[in-house]
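Each chain, written out:
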Amino acid sequence: MSDSTAGHGPGEHEPGHDLAAGGGETQAAEGAARRRVIGTPSPARSRMLLAETAAGSTAGLPEVREPELPADPQDMDDAKRAERIVAACFVLAMLAGFGFIAAYLIFQVHTVTGTWHSNLALGLTMGLSFGFMGIGATIWVRRVMPHVDQVEMRHPLRSDPEAREAFAETFADGTAASQFVKRPILRRTLIAATVPVAVAPIVLLRDLGPLPGTVLDHTVWRKGMRLLTYGANTPIRPADFSSPGGMITVVPDGFQDDFNALAKAAVIIIKFAPGEVVYTTRSAPADGFTVQNWTVDNIVAYSKICPHVGCPAALYEQTTHHILCPCHQSTFDATRGAKVIFGPATRPLPQLPMTVDAEGFLVAKSDFTEPVGPSFWERGNSS
Amino acid sequence: MSIDKALSGTGGWLDDRFHGAKGIRTFFRKIFPDHWTFMLGEIALYTFVILLLTGTFLALFFKPSMGDVVYHGSYLKLHGVHMSEAYASTLNISFDVRGGLLMRQIHHWAADLFVAAIFAHMIRIFFVGAYRKPREVNWLIGIVLFTLALLEGLFGYSLPDDLLSGAGLRITQGVLQSIPVVGTYLSFFLFGGEYPGTDIIPRMYILHVLLIPGLFLALIGAHLFIMFHQKHTQMPGKGVTNENVIGAPMFPYFMAKTGAFFFFTFAATALASTFAQINPIWLYGPYNPLAISAGSQPDFYMGFLEGSLRMMPAWQWVVFGHTFAFNVFIPALVPLGIVMTGAALWPFIEQWVTGDKREHHVNDRPRNAPTRTALGMAMIAFYGVLWLEGANDVLADHFDVPLYTITEIARVAVFAVPIVAYIVTKRICLGLQRQDVHLLEHGVEMGIIRQLPNGEFIEETRPLDEEELAKIARPEPVALPAGQSAADGEEAVPAPGMRGGLGRVKARLNKIVTESVPMNGHGTNGHGPNGHGEPTEHEPAAISAGSDDSGSERH
Amino acid sequence: MTPMTARRRRPAAGYAVVLLGLLIAGAGYAAITEAGSASATGPNIAASAQVSQGRAIFLEECATCHGQFAQGVPGVAPSLIGVGAAAVDFQVSTGRMPAKEPAAQQPRKSPQLTPPQIKALAAYIASLGGGPPVPTSGQVNAHGANAGFGQQLFTADCAQCHNFDGAGGALTYGKYAPPLTKATPTQIWEAMLTGPEAMPVFNNTTITPQQKRDIIAYITQTRSEPNPGGFSLGRVGPVTEGLVAFLGLLLFMVLAAMWITAKHRKTPNE
């Protein structure tokens, strides 16, 4: 097989000319499929040139040139039939197009049903309009235009040696004239000058945001802050949340509409029947797999924010006591300190220390004792 | 005649100023080869145009702001609900602007089709080897375009600030945050502080409507220009050589065909938007960081990232008060890294292994490059397993399979299935090659049964015609450079590039990659025409003690 | 050629391979689709006298699993003492009970008892003591309720299992949150109140009766509202949308491309 430089076709190529100057052979026309190498100079360029009069020829007769493409399709009857089909398609396309405009004027929105009808009418007319144009154009190309098979020669992509040589010379001359190579001080100081210019745009991005600092280590929960049921924003008495198997989303009082706060401070409380929870005891120190004695009446509060990548870990299965995060299926055992039992999460859900205030409402005893939410570089294992 | 008038009038006016006659004539006469697979890239191009058009319409109505408003528009169910301006304006476009919902849906369907078409186009280019010299740069541009398309889609569907895309944004932020050393800084800079903040939607907006489309326009322009300049590849066929292009000229044929295709693309997306609802954000509700829905998935092209996040076992290190959250940044970076880096490096790796530095303008049939095809299928299998795992809860719900089981299967499948895919595909390719050799040697069956005098029935065959022969023909693999042969007590010296450990690796890989069923009965894997292993006479890559590159003796 | 290779060439070999493949696929699917087993808890306390019809129905339909005195059978069925009339009404009117077989979760079916029978059964179970009653029609009437507020509550506390549309979703070990397409307002109320199977309990002091009505309004309006964008594709989300993009749109475009570039066939006239 030839290598890449032997890409010359049958004709010669000169640098600087496009392929129209290449030579080639015209194959004899065979039936419908005529192959013609592009670039064959046609016998006469101009159609309007008056022929030179020879003895006996009629003055004023224009010379006829051979067209590059057949003027008519090979099968005229089929083309005629196809023309009718294409015309019909275009007429339908036009009607559909006008239909679109009409539909826009007729169909009003502002209700769900109205929007539905409007969408149906506008979309259908638009789709049909474009569709018929496409069908018509395709049939036109395939059956009304004459079929051709033409050959074009490729240039070798590699420039020929003279061109390369000339380029190299130009480049060398220019480089020499610029003194770039001969004067190292100019060169080096130029490079030195561009360094800050390259770095400056990055510096300009500094004020995109504040530095993280220790913001991620804390939430807005504080001692004495009431737990409110999300939505209704009502405080909760343990007696109100007394059905075993109950679960509800709670938010900190004062931050119920603050998304920045809720993205870390959202909490779920779960009510257990007596004996279901495995508490930390003096002989079983807190290892993350027991529930701390920060509960009230077997009501446990866990962070709702999954320690994997921060989705709300909100599915609670009453029968298995599992908290399941719907995003990536991290599963936590709510009776054992939200220990991870499946899935990509590497840490249990933090437990919110809880107690009751003077009026009997559930309040936080303090902030979480560890950072809430997804892991990050500066996060140790515990706060 | 009016054509003459147009030419001398307007045409002349322009040519007086732009010297266009020669260049435009060349352009008009350019030949385009015909194969349906060559139109896959056009799907991407035309969906891009549709995205620009519909996107402009949407941009006239959309408000990229996270400021809180109370909704009082036409979607009564959400009356009185607090939401961001972005979400409210999207509801407005959907229910209070005529054609708004249609434009939103066309925009989203076109975006999905855009990425699907890029996939299909990229896979086509890979499997026929159209990325080989001289098209490596275009391949790289294509990979950048692919990555940009993923990002553009992610930003686009996150703009309405609904519950579904907001969950995706949270995941993006959690992933960003987990990156060692710089994670928290990146997160705080991108979001302007803590998540969710009020900056992310306007920032994504400007990336989505200005920066990335600008990059697209430039890169698509370059992509198309390079393709024009180098001319399109073609499938093997009668009369097709590495030095020509056979087809019909741009004017009027290709213009008409591509115009028709544009209309089809627009029609398809418009009809999809009429009959198939997409991204019904009014059902999802406005975003709230403490709310989430079951069955939350990103758009399909991000599904493989989602799958890797779900599949990864819980793994982290905490060292001296710092956390390496492998469970997050490995799935986020590794599969994507493998696919993208592998794809980007592949043309150069293949060139190195095969030693093939020739220009290629004729496509390979996938069966004639069994290792390439098998590797491609393995990649697709890898990607596919991740993709399916991304939908694991939907699959569990619809097919009644326990949730954890799907993940456990996926954890094994992600390694096993690509390996199986590689082996199976390679064998299929070699089998197809064998079929080609059979055709070559025995001809095409004609369906005419004849009885021989001895009573035996045979089917008549005819030899392949020119077109079929051209299709089956296979270029010879390039021989790796031979070194110096052993002579008179001197050691054999391998060629430069074949020396040392790397050289031996290259030799071994070359052997694997060039494994094929020989057309002439001799070949690399030692099978002659009767199927028995025998020492061969031809050894295309005689490395250690080769003399010239053919006919060397086996030692 | 080995004996295996020789047999490989037989015509029947192809069928054998297909059959083997089907068997493997079927066995594999059956293996991973669990039947599961029911959860069991509950003490055993016999009830005193109650509506005799309810008791009779109970003995006939329920006692096999739930025990003679509704005390539950460990590993088979939970105790029904204290679950209340609402729980019975929910389980039986949705056809989940009487259960045909133990399963990870009982599916919704057409009810097997008539409404009067369900009432009697509920009365019997209520007589065992405790548990919420069946709500009145006034309580579950969502007319005039605030569906927007219901949307907020639903997405915060219900959508993570049931999906924002009420389309349902997967839970662990073969359990699932069922779709809410067929649930009546009464059944929705009862489910929230009694926490059937894996569902948590949302009593009337956690989610108040008015809030329950708001949620009911949200669910019923959402599931009945038309899809203005066309067919809903099951309202599953991007998974089905991606499938449609590939199998629908891309396939259509490929077919169009095939038509446009198809080889020219010579007509008889040429």
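Residues numbered from 1 in each chain as written. Chains lettered and ligands numbered in written order. Predicted model: local features only at pLDDT ≥ 70, side-chain atom pairs only at ≥ 80, totals over all residues. Heavy atoms only, no water.

### Concerning the packing of helix α9 (residues 185–194) of chain C against helix α10 (residues 209–224) of chain C
Two quantities define a packed helix pair, namely the angle between the axes and the distance from one axis to the other. Residue and element names in this part refer to chain C. For the pair α9 and α10, the least separation of the axes is 10 Å and the interaxial angle reads 130°. As the angle between them shows, α9 and α10 are arranged oblique. Handedness of the α9/α10 crossing: right-handed. Where α9 abuts α10, its residues P185, I188, W189, M192 and L193 lie against P209, K212, R213, I215, I216, I219, T220 and R223. Considered class by class, the residues forming the contact of α9 with α10 number 9 nonpolar, 1 polar and 3 charged. (Axes fitted to C-alpha atoms, helices over the stretch in contact; angles between N-to-C directions. Helix = DSSP H or I, 4+ residues; strand = E, 2+ residues; numbered from the N terminus. Parallel < 35°, antiparallel > 145°, perpendicular 65-115°, else oblique. Left-handed = near helix turned anticlockwise from the far one by under 90°. Contact = heavy atoms within 4.5 Å. Nonpolar A, V, L, I, M, F, W, Y, C, P; charged D, E, K, R; others polar.)

### Remarks on the confidence of the model for chain B
Here chain B shows a mean pLDDT of 89. Residues at 70 or above account for 92%. Counting interchain partners and residues more than four positions distant, the pLDDT-below-50 stretch residues 522–555 of chain B has 51 contacts. (pLDDT = per-residue confidence, 0-100.)

### Description of the interface of chain A and chain C
Think of interface size as the accessible area that goes away when the parts come together; that is how it is often given. In this complex, chain A contributes 40 residues to the contact, which on the side of chain C involves 39 residues. Roughly 3200 Å² of surface becomes buried between chain A and chain C when both sides are summed, with 59% attributable to carbon and sulfur atoms. Between C:K175 and A:E317 there is a salt bridge, with its nearest N and O atoms 3.2 Å apart. Summed over the shared surface of chain A and chain C, the number is 17 residue pairs in polar contact (both at pLDDT 80 or more). Residue assignment for the side of chain A that touches chain C shows that the elements contributing at least two residues are α1 (76–106), α2 (112–144), β4 (247–252), β7 (315–317) and β8 (322–324) of chain A. When residues of the side of chain A that touches chain C are assigned to their parent elements, the largest contribution, 9 residues, is made by α2(A). (Buried area = accessible area lost by both parts, 1.4 Å probe. Salt bridge = Lys/Arg side-chain N within 4 Å of Asp/Glu carboxyl O. Polar contact = N/O pair within 3.5 Å; in protein donor to acceptor, adjacent residues only side chain to side chain.)

### Some details on the interface of chain B and chain A
Taken residue by residue, the interface counts 108 residues in chain B and 100 residues in chain A. For the pair chain B and chain A, the summed buried surface comes to about 8800 Å²; carbon and sulfur atoms form 63% of the total. It is B:R98, B:E243 and B:L290 in chain B that bury the most area against chain A; as a group they hold 10% of the surface buried on that side. Residue B:R25 is joined to A:E68 by a salt bridge in which the shortest nitrogen-to-oxygen separation is 2.9 Å. At 15 residues, the largest contribution of residues to the side of chain B that touches chain A is made by helix α10 (residues 250–275) of chain B. The residue makeup of the side of chain B that touches chain A, split by class, is 52 nonpolar, 32 polar and 24 charged.

### Describing the pairing of strand β10 (residues 339–342) of chain A
Residues and elements named next belong to chain A. The pairing of strand β9 (residues 331–333) with β10 spans 3 bridges and is classified as antiparallel. Note on β10: the bridge partner recorded for D333 is K339. Counted along the chain from β9 to the antiparallel partner β10, the turn is 5 residues long, and its residue G337 has a positive phi close to 65°. (Pairing = 2+ DSSP bridges.)

### Some points on the packing of aromatic side chains
Note on aromatic pairs: each is described by the distance of the centres and the angle between the planes. Within this structure, the stated rule accounts for 49 aromatic pairs over all chains. When the centroid spacing of 6.2 Å and the interplanar angle of 55° are considered together, the rings of B:F264 and C:W259 count as tilted. One end of the pair, B:F264, is in helix α10; the other, C:W259, is in helix α11 (residues 238–261), on a second chain. For B:F264, a relative accessible area of 5% corresponds to the buried category. Residues B:W317 and B:F326 carry aromatic rings whose centres are separated by 5.0 Å and whose planes lie at 85° to one another, so their mutual orientation is edge-to-face. We classify B:F326 as buried; its relative accessible area is 10%. Feature note: the residues B:F119, B:F146, B:Y157, B:F300, B:Y301, B:F304, B:Y383, B:W387 and C:F246 constitute an aromatic cluster, connected by ring pairs. The ring centre of A:F289 lies 5.2 Å from the NZ or CZ of A:K339, which sits over that ring. Of note, B:R17 hangs over the ring of B:W13, and the distance from its end group to the ring centre comes to 3.8 Å. (Phe/Tyr/Trp six-rings, centres within 6.5 Å; stacked < 30°, edge-to-face > 60°. Buried < 20%, exposed > 50% of the residue type's maximum accessible area, 1.4 Å probe, protein only. Lys NZ or Arg CZ within 6 Å of the ring centre and 35° of its normal.)

### Notes on the state of the cysteines
Residue and element names in this part refer to chain A. One pass over the structure, following the stated rule, counts 1 disulfide over all chains. Between C311 and C327 runs a disulfide, and the two sulfur atoms are separated by 2.1 Å. As the torsion about the S-S bond is roughly -90°, the C311-C327 disulfide counts as left-handed. Linking C311 in the loop between β6 (299–303) and β7 with C327 in the loop between β8 and β9, this pair joins segments that are 16 residues apart in sequence. With no disulfide of its own, C325 lies closest to C306 among cysteine sulfurs, the gap being 3.9 Å. (Disulfide = S-S within 2.5 Å.)

### Comments concerning the sheet that holds β10(A)
In a beta sheet, neighbouring strands are held together by backbone hydrogen bonds and run either parallel or antiparallel to one another. All names here are of chain A. Strand order in the open sheet made by the 4 strands is β7-β8-β9-β10, with antiparallel pairing throughout. Taken across any chain shown, the strands that pair with only one partner, and hence form the sheet edges, are β7 and β10. Adjacent strand axes in the sheet meet at a mean angle of 30°, parallel and antiparallel pairs treated alike. Bridge count between β8 and β9: 3 bridges; the pairing is antiparallel. Bridging from a neighbouring strand, I323 pairs with F332 of β9.

### Topic: α1(A)
It helps to recall that an α-helix has 3.6 residues per turn; residues three or four apart then point in one direction. Residues and elements named next belong to chain A. Its 31 residues give α1 an end-to-end C-alpha distance of 44 Å, which sits within 8% of 45 Å, the value for a rise of 1.5 Å per residue. Among the residues of α1, those classed as buried are D78, A79, A82, V86, C89, A93, A96 and A103. For α1, the N-terminal cap is D75; the gap from its side-chain oxygen to the backbone nitrogen of D77 is 3.2 Å. (Expected span 1.5 Å × (residues − 1).)

### Some words on the environment of B:E389
Residue and element names in this part refer to chain B. Inspection of the secondary structure puts E389 in helix α14 (residues 370–390). Residue class for E389 comes out buried when judged on its relative accessible area of 1%. C-alpha of E389 to C-alpha of G67: the two residues are 322 residues apart in sequence and 36 Å apart in space. Residues within four places of E389 in sequence aside, it is in contact with G307, R310, M311, I406, T407 and A410. Here T407 takes part through its side chain, which lies 3.0 Å from a polar atom of the side chain of E389.

### Quick word on the nonpolar core
Ranked by internal contacts, the top residues of the largest apolar core, which has 120 residues, are B:Y75, B:L91, B:F216 and B:F261. Discounting residues that sit within four places of it in the chain, B:F261 has contacts with B:M39, B:E42, B:I43, B:Y46, C:M253, C:A256, C:A257 and C:I260. Grouped together as the second largest cluster of nonpolar side chains are 82 residues, A:I236, C:A156, C:F202 and C:I215 included. (Core = buried A, V, L, I, M, F, W, Y, C linked by side-chain atoms within 4.5 Å.)

### Remarks on the sheet that holds β4(A)
Residue and element names in this part refer to chain A. Spatial strand order, β3-β4-β5-β6: 4 strands in an open sheet with antiparallel pairing. Two strands lie at the open edges of the sheet, namely β3 (227–229) and β6, each paired on one side alone. Averaged over all adjacent pairs, the angle separating strand axes in this sheet is 40°, with direction ignored. Summarising the sheet, β4 and strand β5 (residues 267–271) pair through 4 bridges and their orientation is antiparallel.

### Considerations on the confidence of the model for chain C
If pLDDT is low for a region, its predicted coordinates should not be looked at in detail. Residues and elements named next belong to chain C. Summarising the model, chain C shows a mean pLDDT of 85, and 90% of its residues fall at 70 or more. Between residues 35–49, whose pLDDT stays under 50, and residues either more than four places distant or in other chains, the model counts 37 contacts. Here the complex is predicted with pTM 0.86, and the ipTM for its interfaces comes to 0.86.

### Some words on the pattern of salt bridges
Residues and elements named next belong to chain B. Considering all chains together, one arrives at 27 salt bridges over all chains under this definition. Between D199 and R203 there is a salt bridge, and its shortest N-O distance comes to 3.7 Å. Residue class for D199 comes out partly exposed when judged on its relative accessible area of 26%. Each of R132, E350, D364 and R372 takes part in one network of salt bridges that share partners.

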